[in-house]
Amino acid sequence: MRCKAGFAMFILSAFPLALYFHFTEAGAMSTLTIASPAFKHNESIPEKYTCDGADVNPPLVIEGVPPGAKSLALIVDDPDAPRGTWVHWVVWNIDPKTKEIKENSVPAGAKQGMNDFRSRNYGGPCPPSGTHRYFFKLYALDTAPDLGPDTTKAVLEKAMMGHILAQAEIIGLYRRK
């Protein structure tokens, strides 16, 4: 019995070390990131990219897509909306080699779904009051979901379940004048 207890203690004491090496090794690999040259994380989104401006999507920069990714997906939403989270943009089947999404554009071959403005495009920030947060959430997937044009955020999220290799986000803020 003493031998079994000693072996169990050895295994338990080695487990944290194994986790350390696993995460240290993974940390050395690239990490999925999304950024924008138009605004920094947790800072204001310029008016140009809102309902008070040209209402076009901001430029986005993507780095660190993991090997094995077959596609990327992007969801932009506002969790501060008065009636619950408001969806501004739903995009999937973005080529994993994509390094940037240019201002006022959708990557070639990508598909756009239905946002809460009931349109299939980017709908910029337009908070009724106060400062709202806008989450630009990027997902690297091991699949390219076969979804129709009326796909909503909820449908895309369901299709992504079990297929997310990595995710990243940038948050922008906006308050109307």
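Structure first, text after, so check above.
1. As for the sheet that holds strand β7 (residues 111-112)
- With respect to topology, 6 strands assemble into an open sheet ordered β2-β9-β8-β4-β5-β7, the strand pairing being mixed. Each of the sheet's edge strands pairs with one partner strand only, and the pair in question is β2 (43-44) and β7.
- Looking at chain direction, β2 and strand β9 (residues 164-174) are connected through 2 bridges and run parallel. Residue pairing in the sheet places serine 44 in a bridge with leucine 173 of β9.

2. Concerning helix α2 (residues 153-160)
- Taken as a whole, α2 has its buried residues at Lys153, Leu156 and Met160. One side of α2 holds all its buried residues, which, seen down the axis, span an arc of 65°. Away from the buried face of α2 by more than 90 degrees, exposed residues Ala154 and Lys158 are located.
- Next to the buried residues of α2 lie β4 (71-78), β5 (86-94), β8 (132-141) and β9.
- One or two positions beyond α2, positive phi appears at glycine 162, with a value near 80°.

3. With respect to the nonpolar core
- Core analysis: the biggest nonpolar cluster contains 25 residues, and Ile34, Leu74, Trp89, Ile94, Ile101 and Phe136 have the highest contact counts within it.
- Elements represented by at least two residues in this core include exactly β3 (60-63), β4, β5, β8 and β9.
- The element contributing the most residues to this core is β8, with 4 residues.
- Aside from chain neighbours lying at most four places away, what touches leucine 74 is Ile34, Leu60, Trp89, Val90, Val91, Ile94, Ile101, Phe136, Lys137 and Leu138.

Reading the values: the criteria
- Residues numbered from 1 in each chain as written.
- Predicted model: local features only at pLDDT ≥ 70, side-chain atom pairs only at ≥ 80, totals over all residues.
- Heavy atoms only, no water.
- Pairing = 2+ DSSP bridges.
- Helix = DSSP H or I, 4+ residues; strand = E, 2+ residues; numbered from the N terminus.
- Buried < 20%, exposed > 50% of the residue type's maximum accessible area, 1.4 Å probe, protein only.
- Arc of directions from axis to C-beta.
- Contact = heavy atoms within 4.5 Å.
- Core = buried A, V, L, I, M, F, W, Y, C linked by side-chain atoms within 4.5 Å.

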